[in-house]
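# Commentary on secondary and tertiary structure
What follows is the residue order along each chain.
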Amino acid sequence: MSFPSHRLQQVSSHLQPPTAMASVFQSVAQAPPDVIFNLTAQYKADTHPQKVNVGVGAFRTDNLQPYVLPVVKKADALLFHNEALDHEYLPITGQPSYTRAASRLILGDTNRAIQENRVVGVQTISGTGAIHTGAAFLSQFYTKNRTVYISNPTWANHRSIFAIVGFEVKEYPYWNPATRALDYEGLIRSMEEAEEGGIFILHACAHNPTGVDPTQEQWKGIARVMRAKGHFTFFDCAYQGFASGDLDKDAWAVRYFVEEGFELFVAQSFAKNFGLYGERAGNLTVVTHSPVETQKVFSQIEKIQRAEISNPPAYGARIVDIILNDPILFAEWKENLAYMSGRIVEMRKALFERLQQLKTPGTWNHIVDQIGMFSYTGLNAAQVKVLKEKFHIYLTDNGRISMTGLSTQNIDYFANAVDEVVRAGL
């Protein structure tokens, strides 16, 4: 081969694309889209003038607009005008004034565990982060049982969070579709039959998605079985003050368990009750039997948090910190909570009354009996499908609706649509 021909071949080989290598990611399966966020995307893409979104778990005013709490605006102004404010890292476990205030909020100012230094708080990335941080700790140090029990139904992230750190996740009965109320007998039976030392995730108030909470007497019964079986209590509290409008009432179950001597974790979120959805302000409150144990647990959680997020974000926590530690702003916050919870109650009553007026088949008392942002309507997947496709009403397939997606502007349209799909006998 002549030199020019050989050189041309060399140049040509350099210009050819390299032989394709098999991707190390070729076996990765496509994950399904998140149900709630995908639902919101569908709603936003819909151009129908009467479309309704009752799927999103965020408060809306009667004009169906996001609500920035007036007290949050005041705290934000204080931050803005604080010349001494900087953007340095927070401590690994968060701002102490914030975590102490958050733990006091859920346990009460006069709680004996706080007075005995058996409580510590860790600032987290909202309630999701609090649950994950607690789960990560338990996966390393809880040796009694490797099973976590979640209610059926529950917030979808519960299963994912505990499964991803290695726990086996099982369900306990909670919703009785026949009565559209709490399956208390099934719940108790499941706790009694569970292997000793299981970790039970309990919704402190405003159960998501059902809106059905145990009564105080039922909570006492739950506590008796939890103690007898040596189960570990992990409360998820995303709606304190937002559920009933009363901070103390919504914290009753948690405080009762602490008074009864339980060691426990409480995941707290300030997304709903402060309207700080995107700021990711949360707290993990830890209660143990002694100050020594509390500090040991705290040190290990600090180690976990350092490895996972290094330290938490500042802005949302600073807002909460200011409000919880200022008596005047705290009082105003309670007024804001009363407005939000009150609007939810009004929408429950309005929907119930319209369904009654329409003589919609079935019983609908559960709409007003339930509490908090969500209502488990009892609508089935086929009915939900028609609501989406014919009426442009967006909700999850299990029939859960966010009451704040309803307003005086769309309540009649929504009720008439529900009436139609129920009468269709789907």
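This report concerns the structure included in the present document. Here the structure is a predicted model, which means the values were calculated and not measured.

Analysis parameters
- Residues numbered from 1 in each chain as written.
- Predicted model: local features only at pLDDT ≥ 70, side-chain atom pairs only at ≥ 80, totals over all residues.
- Heavy atoms only, no water.
- Helix = DSSP H or I, 4+ residues; strand = E, 2+ residues; numbered from the N terminus.
- Contact = heavy atoms within 4.5 Å.
- Areas by Shrake-Rupley, 256 points an atom, 1.4 Å probe, with all protein chains shown as cover.
- Pairing = 2+ DSSP bridges.
- Axes fitted to C-alpha atoms, helices over the stretch in contact; angles between N-to-C directions.
- Buried < 20%, exposed > 50% of the residue type's maximum accessible area, 1.4 Å probe, protein only.
- Arc of directions from axis to C-beta.
- Polar contact = N/O pair within 3.5 Å; in protein donor to acceptor, adjacent residues only side chain to side chain.
- Disulfide = S-S within 2.5 Å.
- Parallel < 35°, antiparallel > 145°, perpendicular 65-115°, else oblique.
- Nonpolar A, V, L, I, M, F, W, Y, C, P; charged D, E, K, R; others polar.
- Phe/Tyr/Trp six-rings, centres within 6.5 Å; stacked < 30°, edge-to-face > 60°.
- Lys NZ or Arg CZ within 6 Å of the ring centre and 35° of its normal.
- Left-handed = near helix turned anticlockwise from the far one by under 90°.
- Patch = residues over 30% accessible without salt bridge, like charges linked within 9 Å, V, L, I, M, F, W, Y side chains within 5 Å.
- Salt bridge = Lys/Arg side-chain N within 4 Å of Asp/Glu carboxyl O.

## What about the overall build of the protein chain?
- A count of helices and strands for the protein chain gives 18 helices and 13 strands.
- Partitioning the contacts of the protein chain with sequence separation of at least 6, the portion at a separation of at least 24 is 75%.
- Total accessible area on the protein chain stands at roughly 20,600 Å², and carbon and sulfur atoms take up 53% of it.

## Description of the sheet that holds strand β7 (residues 199-203)
- Overall, mixed pairing links the seven strands, which are arranged β2-β10-β9-β8-β7-β3-β4 in an open sheet. What marks the edges here is a single partner per strand, and that holds for β2 (119-125) and β4 (168-173). The sheet shows a mean angle of 25 degrees between the axes of neighbouring strands, taken without regard to direction.
- With respect to the sheet, helix α7 (residues 156-164) is in contact with β3 (147-152), β4, β7 and β8 (232-237), its orientation differing from that of β4 by roughly 150 degrees.
- Contacts from helix α8 (residues 184-193) reach β4 and β7 within the one sheet, and its direction differs from that of β4 by about 140 degrees.

## Considering the pairing of β2
- When you tally the buried positions in β2, you get six out of seven residues, the bulk of the element.
- In this structure, β2 lies alongside strand β10 (residues 281-287), joined through seven bridges in antiparallel fashion. Bridge pairing in β10 links Gln-123 to Asn-283.

## Considerations on helix α17 (residues 381-391)
- Buried residues of α17: Gln-383, Val-384, Leu-387, Lys-388 and Phe-391, and no others. Projected down its long axis, α17 carries its buried residues within an arc of 140 degrees, all on one side.
- Of the surrounding elements, those touching the buried residues of α17 are α2 (35-45), β12 (393-394) and α18 (411-423).
- You can read the cap of α17 off the contacts: a side-chain oxygen lies 3.1 Å from the backbone nitrogen of Ala-382, and it is on Asn-380.
- Residue His-392 follows α17 closely and has a positive phi angle near 60 degrees.

## Topic: the state of the cysteines
- Overall, the coordinates contain zero disulfides when judged by the stated rule.
- Cysteine Cys-205 remains unbridged, with the sulfur of Cys-237 as its closest cysteine sulfur at 4.5 Å.
- Since its relative accessible area comes to 3%, Cys-237 is described here as buried.

## Section: the side chain of Ser-269
- Tracing the sequence through the fold places Ser-269 in strand β9 (residues 264-269).
- Owing to a relative accessible area of 8%, Ser-269 belongs among the buried residues under this scheme.
- Among the polar contacts made by the side chain of Ser-269, one reaches the side chain of Ser-126 at a distance of 3.3 Å.
- In contact with Ser-269, not counting residues within four places along its chain, are Ser-126, Gly-127, Cys-237, Ala-238 and Ala-281.

## Comments concerning the pairing of β10
- Burial runs high along β10: seven of the seven residues are buried.
- Across the two faces of β10 the burial is the same, with Ala-281, Asn-283, Thr-285 and Val-287 and Gly-282, Leu-284 and Val-286 all buried.
- Judged from the six bridges that link them, β9 and β10 form a sheet pairing that is antiparallel. Residue Phe-265 lies in a different strand from β10, and its bridge partner there is Val-286.

## Details of the packing of helix α4 (residues 96-107) against helix α11 (residues 252-259)
- The interhelical angle for the contact between α4 and α11, taken along N-to-C directions, is 90 degrees, at an axis separation of 8 Å. Judged by the inter-axis angle, α4 sits roughly perpendicular to α11. Here α4 contributes Arg-104, Leu-105, Ile-106 and Leu-107 to the contact with α11, which in turn contributes Val-254, Arg-255 and Val-258.
- Of the residues that constitute the contact of α4 with α11, the class distribution is five nonpolar, no polar and two charged.

## Structural notes on the packing of aromatic side chains
- Applying the stated criterion to the full structure yields 28 aromatic pairs.
- Seen from their ring centres, Tyr-239 and Phe-242 are 6.2 Å apart, and the 40 degrees between their planes marks the pair as tilted.
- Judged by its relative accessible area of 5%, Tyr-239 is buried.
- The exposure class assigned to Phe-242 is buried, which follows from its relative accessible area of 0%.
- The rings of Phe-137, Phe-141, Tyr-142, Phe-162, Phe-167, Phe-232, Phe-234 and Phe-265 are connected pair by pair, giving a single aromatic cluster.
- Taking the ring centre of Tyr-43 as reference, the NZ or CZ of Lys-51 above it sits at 4.4 Å.

## Quick look at unusual backbone geometry
- In this model, Asn-152 is joined to Pro-153 through a cis peptide bond whose omega is 5 degrees.
- Relative to the helices and strands, Pro-153 is located in the loop between β3 and α7.
- Although it is not a glycine, Arg-280 sits at a positive phi angle of roughly 55 degrees.
- Along the chain, Arg-280 falls in the loop between α12 (271-274) and β10.

## With respect to the packing of helix α9 (residues 216-229) against α11
- Running from N to C, α9 and α11 point in directions that differ by 40 degrees, and their axes come no closer than 10 Å. In terms of orientation, α9 lies oblique with respect to α11. Judged by the twist between their axes, the crossing of α9 over α11 is right-handed. Every residue of α11 that contacts α9 at Gln-216, Trp-219, Lys-220, Ile-222, Ala-223 and Met-226 is listed here: Trp-252, Ala-253, Tyr-256 and Phe-257.

## Details of a nonpolar patch on the surface
- On the surface, a nonpolar cluster with roughly 360 Å² of combined accessible area is contributed by Val-24, Phe-25 and Val-28.
- With respect to the helices and strands, the residue Val-28 is situated in the loop between α1 (3-15) and α2.

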